[in-house]
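Each chain, written out:
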Amino acid sequence: MAYRVTVDEEKCTGCGECVDTCPVEVYSLNENGKSSPEKMDDCLGCESCVEVCPNEAITVEEN
């Protein structure tokens, strides 16, 4: 199953919770200090990132 991960940069504060929580290291912080799904193909669809994001900036959808 493939997933599409989206981060709303306007809502993202760059706290890094998703980076720390993701079991397969999908995220990194970009040059703007915002979360960026760099390895989306590795996403398991567990939505741990969605649960820990304090600003509801992340969505995970099935492709």
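Look up a bit, the structure's there.
This one's a predicted model, so the numbers in the text were calculated from it and none came from an experiment. (Residues numbered from 1 in each chain as written. Predicted model: local features only at pLDDT ≥ 70, side-chain atom pairs only at ≥ 80, totals over all residues. Heavy atoms only, no water.)

Caption draft 1: Main features of the overall build of the chain. Scanning the chain for helices and strands turns up 2 helices and 4 strands. Against the compact-globule benchmark of 11 Å for 63 residues, the chain has a radius of gyration of 10 Å, which places it among compact chains. When its C-alpha atoms are laid out on the principal axes, the chain stretches across 30 × 20 × 20 Å. By sequence separation, contacts in the chain at least 24 residues apart represent 49% of the contacts at least 6 residues apart. Within the structure as shown, the chain displays about 4100 Å² of accessible surface, and the carbon and sulfur contribution to it stands at 42%. (Helix = DSSP H or I, 4+ residues; strand = E, 2+ residues; numbered from the N terminus. Rg over C-alpha atoms; globule rule 2.2 N^0.38 Å. Contact = heavy atoms within 4.5 Å. Areas by Shrake-Rupley, 256 points an atom, 1.4 Å probe, with all protein chains shown as cover.)

Caption draft 2: Region of the structure containing the pairing of strand E1 (residues 3–7). Across the two faces of E1 the burial differs, with Tyr3, Val5 and Val7 buried and Arg4 and Thr6 not buried at all. One ladder, built from 5 bridges, connects E1 with strand E4 (residues 58–62); its direction is antiparallel. Note that in E4 the partner of valine 5 across the bridge is valine 60. (Buried < 20%, exposed > 50% of the residue type's maximum accessible area, 1.4 Å probe, protein only. Pairing = 2+ DSSP bridges.)

Caption draft 3: Expanded view of the pattern of salt bridges. Applying the stated criterion across every chain yields a total of 1 salt bridge. As a salt-bridge pair, glutamate 61 and arginine 4 come within 2.7 Å of each other at their nearest N and O atoms. Of this pair, glutamate 61 sits in strand E4 while arginine 4 sits in strand E1; the two residues are 57 residues apart in sequence, bridging distant segments of the chain. Residue arginine 4 is classed as partly exposed on the basis of its relative accessible area of 42%. (Salt bridge = Lys/Arg side-chain N within 4 Å of Asp/Glu carboxyl O.)

Caption draft 4: Looking closely at a negative patch on the surface. A contiguous patch of negative charge on the surface is contributed by Asp8, Glu9, Glu10, Glu31 and Glu38. Positionally, glutamate 31 belongs in the loop between strand E2 (27–29) and strand E3 (35–37). Classification of glutamate 31 by relative accessible area gives exposed; the value is 72%. (Patch = residues over 30% accessible without salt bridge, like charges linked within 9 Å, V, L, I, M, F, W, Y side chains within 5 Å. Lys, Arg positive; Asp, Glu negative; His and termini not counted. Charge placed at Lys NZ, Arg CZ, Asp CG, Glu CD.)

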